[in-house]
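Here is how the chains run, residue by residue.
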Amino acid sequence: EIVLTQSPGTLSLSPGERATLSCRASLSVTSRYLAWYQQRPGQTPRLLIYGASSRATGIPDRFSGSGSGTDFTLTISRLEPEDFAVYYCQHYDSLPPTFGQGTKVEIK
Amino acid sequence: QVQLLESGPGLVRPSETLSLSCTVSGESIRSNYWSWIRQSAGKGLEWIGRIYSSGNTNFNPSLKSRVSMSIDMSKNQFFLNLTSVTAADTAVYYCAKDSPDSMWFLTWFDPWGQGTLVTVSS
């Protein structure tokens, strides 16, 4: 099973700042089969990125994904108030698909 | 657009079977995979397994011995059974649609249901 490790655990930033979230895989993820989700408090996870860098429908272009192999990054170029949430990465390279433990982006 | 809604008991006794249903609206469940995912404070997000409209299934090896899934095309529903539950199975359980757009046999999940909290306690 591929283990995904996200860092940092918590990111304290101000609105308007840039957020850089990391997701590291224990084995290489084939063909960038990696997705990112956002989960606001009390809400269900929402797909942001698939294929490591493709934005899902309706996702603002301040969200971008990059990376390959074992190292992936989610970048939020300028934080809006609604972006303060928990973010999860998920691979779909092999069974079982697994999730990272999450990075919480909180208001500084 | 497609919407998913989980339903089932919120409390299950230890050693009993957890049974949930997911009702899909907005599209047919035909010709697609549908997954169950759970979220707990202890283990975070964990994929439980998936079922295809034909009844074909894949399960997480960590739960495989206790999990079964089924599907009812006439009601546009699919179901989860988890046997011999313990407190470690306490979680919010989500059903989700496996995206049909992946070029791979696995995929991402979009959308998710609202989730239902299941507590295992006597």
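Everything below is about the structure shown above.
Quick summary incoming for the structure in this document. (Residues numbered from 1 in each chain as written. Chains lettered and ligands numbered in written order. Predicted model: local features only at pLDDT ≥ 70, side-chain atom pairs only at ≥ 80, totals over all residues. Heavy atoms only, no water.)

## Looking at the nonpolar core
Part 1 of the argument: If you look at the biggest cluster of nonpolar residues, it comprises 42 residues, and the most contacted ones within it are Trp36 and Tyr87 of chain A together with Trp112 of chain B.
Part 2 of the argument: Sort the elements by how many residues they give to this core and strand E3 (residues 19–29) of chain A lands first, with five residues.
Part 3 of the argument: Filtering out sequence-adjacent residues up to four positions away, Trp112 of chain B remains in contact with Tyr37, Thr44, Pro45 and Phe99 of chain A together with Leu4, Ile37, Leu45, Tyr94, Cys95 and Ala96 of chain B. (Core = buried A, V, L, I, M, F, W, Y, C linked by side-chain atoms within 4.5 Å. Buried < 20%, exposed > 50% of the residue type's maximum accessible area, 1.4 Å probe, protein only. Helix = DSSP H or I, 4+ residues; strand = E, 2+ residues; numbered from the N terminus. Contact = heavy atoms within 4.5 Å.)

## Observations concerning the interface of chain B and chain A
Part 1 of the argument: Listed as interface residues are 19 residues of chain B and, on the opposing side, 18 residues of chain A.
Part 2 of the argument: Taken together, both faces of the contact between chain B and chain A bury some 1700 Å²; the carbon and sulfur share is 70%.
Part 3 of the argument: Linking chain B to chain A there are zero salt bridges.
Part 4 of the argument: Here chain B and chain A share eight residue pairs in polar contact (both at pLDDT 80 or more) between them.
Part 5 of the argument: Contributing elements (two or more residues each) for the side of chain B that touches chain A: strand E4 (33–40), strand E5 (44–52) and strand E10 (109–112) of chain B.
Part 6 of the argument: A per-class count over the side of chain B that touches chain A returns eleven nonpolar, six polar and two charged. (Buried area = accessible area lost by both parts, 1.4 Å probe. Salt bridge = Lys/Arg side-chain N within 4 Å of Asp/Glu carboxyl O. Polar contact = N/O pair within 3.5 Å; in protein donor to acceptor, adjacent residues only side chain to side chain. Nonpolar A, V, L, I, M, F, W, Y, C, P; charged D, E, K, R; others polar.)

## Looking at the pairing of strand E2 (residues 10–13) of chain A
All names here are of chain A.
Part 1 of the argument: Residues Leu11 and Leu13 of E2 are buried on one face, while the alternating residues Thr10 and Ser12, pointing to the opposite face, are not.
Part 2 of the argument: Where E2 lies against strand E9 (residues 103–107), four bridges are found, and the strand directions are parallel. The partner of Ser12 across the bridge, within E9, is Glu106. (Pairing = 2+ DSSP bridges.)

Function-wise, these values are silent; they only describe arrangement.
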